[in-house]
Amino acid sequence: MPEPFEGRGGWPPRLVFATTNQGKLREVAEILAADGVQVVGIADVAPGWQVVEDGSTFAENARIKARDLARRAGLPALGDDSGLEVAALGGRPGVRSARHAGEDATDARNIALLLEELREVAADARLAAFRCALALAWPDGTLVAAEGRCEGRIASAPRGGGGFGYDPVFVDPASGRTFAELPAEAKNALSHRRRALDALRQAFARRTRA
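Before going further, it helps to examine helix α4 (residues 107-117). Residue pairs three or four apart in sequence face the same way in an α-helix, which turns once every 3.6 residues. Of the residues making up α4, those classed as buried are N110, I111, L114 and L115. Seen end-on, α4 carries its buried residues on one side only, within an arc spanning 130°.

Right under this line is the structure:
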């Protein structure tokens, strides 16, 4: 096996994040800064890169993105697929979270549709979870994957000016605030993406001990 685990905490010192979502890019860069990792965007190393996300699960889509971008960019690539699962909606919007209100939906339209679907659902039945699947791939084909999950509930109306995606309606049960109301450092400490990154770090440790 090659030696890709040369950075602090097992991370490579530099990686490209396979996302066009600037909120995700900023969040991951802030979290991995503590590990001494430089996170670069697609535009810096593979301008115009696109890939068809045709997986049926978060994990499949994360792997598709990571493997394709690592091969094209020639450096480690982090693939992320994440979304919101709402119990009262049978787990929807799930892998279609970013496209819940249509292929070109904005965050505001997705949130508006979600709230309309939950309009008759009582507050104590609006349970939800953010899920994140990550895959880190190297150009030689090495891949490590992990997932993270964060439990919460859906608010009756958007609150807060921070975050992105469904953050304005996702309530952290411990604080009672939405992710959009929490300071960035507080959200980053408990988010599903942070938990997936921590799990990925643990996966590195298991691989290096093997």
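As a further point, take the side chain of D81. Turning to its location among the elements, D81 is positioned in strand β3 (residues 77-86). Here N61 takes part through its side chain, which lies 3.1 Å from a polar atom of the side chain of D81. For D81, the residues in contact, after removing those within four places along its chain, are E53, T57, F58, N61, A62, K65, V95, R131, C132 and A133.

Bringing the side chain of D68 into the picture now. Assignment of secondary structure puts D68 in helix α3 (residues 58-73). Residue D68 is classed as buried on the basis of its relative accessible area, which comes to 14%. Polar contacts involving the side chain of D68 include one to the side chain of R71, which spans 3.1 Å. Setting aside chain neighbours within four positions, we find D68 in contact with W49, Q50 and V51.

Glancing now at the sheet that holds strand β2 (residues 38-40). If you walk across this open sheet you meet the six strands as β2-β1-β3-β4-β5-β6, and the pairing is mixed. The open sheet has two edge strands with one neighbour each: β2 and β6 (170-171). Helix α1 (residues 22-32) rests against β1 (14-18), β2 and β3 of the sheet, and its axis sits at about 170° to β2. Packed on one face of the sheet, α3 meets β1, β3, β4 (127-137) and β5 (143-154) and runs near 160° to β3.

Scoring rules and cut-offs
- Residues numbered from 1 in each chain as written.
- Predicted model: local features only at pLDDT ≥ 70, side-chain atom pairs only at ≥ 80, totals over all residues.
- Heavy atoms only, no water.
- Buried < 20%, exposed > 50% of the residue type's maximum accessible area, 1.4 Å probe, protein only.
- Helix = DSSP H or I, 4+ residues; strand = E, 2+ residues; numbered from the N terminus.
- Arc of directions from axis to C-beta.
- Polar contact = N/O pair within 3.5 Å; in protein donor to acceptor, adjacent residues only side chain to side chain.
- Contact = heavy atoms within 4.5 Å.
- Pairing = 2+ DSSP bridges.
- Axes fitted to C-alpha atoms, helices over the stretch in contact; angles between N-to-C directions.

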